[in-house]
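Listed below, chain by chain, are the residues.
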Amino acid sequence: GNGEFNIQDVTNSSNRLTINSSGTVTIPGNIDATGGIDVTGAITQGSGDITLTSTVGSGSSTILFDTSAGTITFQDNLSSKFGTGGDLAIHHDGSNSHILNSTGTLNIKSDTLRLTDASLAHLYLKGLTDAQVELYHNNNLRITTTDDGADFGGTGSIRVPNGTTGERNSSPQAGDFRYNTTDGKFEGYTDE
């Protein structure tokens, strides 16, 4: 009478499937579709999380759309791939995080690139085999790595470590070099 079609559970007379007059289908329970589901329109989640799970053999892979945290979580070893050929991949293997680029140049554009992890021991830049690593400031090449060292560019100067006599390195190594601000002299260390 109202243009609505219902399929009910005969045990408790609750609706199991409803199609209203505008064509909206409501299913209060889970949908198990072994043959697949083809959707030509948009899929909208009203509330709650969405979990996508694929099971292969004894293992499974899960992607969670967490509405309360506003995050999409990929299970370890699942990659988020971008590009028609999946050329850019981001994933976590359970121990380390990876950004993999298999074509062209990986460009990171920002006014400032800052590594904020307080436990970060070093910044490691690795160029391609037989290729230098270049460090620029204001679009000017300032440091270029070479096979046996580094070349410094510019017309200014290189500032070496400096400090008072009391701030000297307690265990200097041969080749260390600094400026002593107490006596105004440069200090170089040898293996003697």
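Our structure's up above, just so we're on the same page.
Numbering of residues begins from 1 in every chain and follows the order in which that chain's sequence is written. Restriction of local features to residues with pLDDT of at least 70 applies here, the model being predicted, together with a cutoff of 80 or more for giving and counting side-chain atom pairs; totals for whole chains, interfaces and linings are based on all residues. With hydrogens and water stripped out, all remaining heavy atoms of the structure feed into the side-chain values.

**Regarding the overall build of the protein**
Thinking step 1. From N to C terminus, the protein includes zero helices and 15 strands.
Thinking step 2. Counting contacts in the protein only where the partners sit at least 6 residues apart, residues at least 24 apart contribute 1% of the total.
Thinking step 3. Exposure was quantified through the Shrake-Rupley algorithm and a 1.4 Å probe, taking into account, for residues, occlusion by the shown protein chains and nothing else. Surface summary for the protein: the accessible area is close to 16,300 Å², and the carbon and sulfur share equals 49%. Secondary structure elements follow DSSP: runs of H or I no shorter than four residues count as helices, runs of E no shorter than two count as strands, and numbering proceeds from the N terminus. In this analysis, two residues are considered to be in contact whenever any of their non-hydrogen atoms come within 4.5 Å of each other.

**Focus on the sheet that holds strand β7 (residues 80–82)**
Thinking step 1. By this definition, two strands are paired if DSSP reports at least two bridges between them. Taken together, three strands build an open sheet; the order of strands is β7-β8-β9 and the sheet is antiparallel. Two strands close off the open sheet at either side, each with one partner strand: β7 and β9 (97–101). Looking at each pair of strands side by side, their axes are set apart by 10 degrees on average, direction ignored.
Thinking step 2. Here three bridges tie β7 to strand β8 (residues 88–92), and the two strands are oriented antiparallel to one another. Directly across from F82, in β8, lies its bridge partner L88. Helix axes are fitted only over the stretch in contact, all axes being lines through C-alpha atoms; the angle between N-to-C directions runs from 0 to 180 degrees.

**Comments concerning the sheet that holds strand β11 (residues 140–146)**
Thinking step 1. With respect to topology, three strands assemble into an open sheet ordered β10-β11-β12, the strand pairing being antiparallel. At either end of the open sheet lies a strand with only one pairing partner, and these are β10 (134–137) and β12 (149–152). Averaged over all pairs of adjacent strands, the angle between strand axes in this sheet comes to 15 degrees, irrespective of strand direction.

**Quick look at the pattern of salt bridges**
Thinking step 1. Counted as salt bridges are all cases of a side-chain nitrogen of Lys or Arg within 4 Å of a carboxyl oxygen of Asp or Glu. Going through the model one piece at a time under the given rule, you end up with two salt bridges.
Thinking step 2. A salt bridge links E187 to R168, with the shortest nitrogen-to-oxygen separation between them at 2.4 Å. Taken together, the positions of E187 in strand β15 (residues 185–188) and R168 in the loop between β13 (162–163) and β14 (177–180) put the pair 19 residues apart, joining distant regions of the chain.
Thinking step 3. The rule is simple: take the accessible area with a 1.4 Å probe, protein chains only, and divide by the maximum for that residue type; under 20% is buried, over 50% is exposed, in between is partly exposed. Judged by relative accessible area, which is 37%, R168 ranks as partly exposed.
Thinking step 4. A salt bridge links E187 to R178, with the shortest nitrogen-to-oxygen separation between them at 2.9 Å.
Thinking step 5. Residue classification places R178 among the buried residues on the basis of a relative accessible area of 9%.
Thinking step 6. Connected through shared salt-bridge partners, R168, R178 and E187 make up one network.

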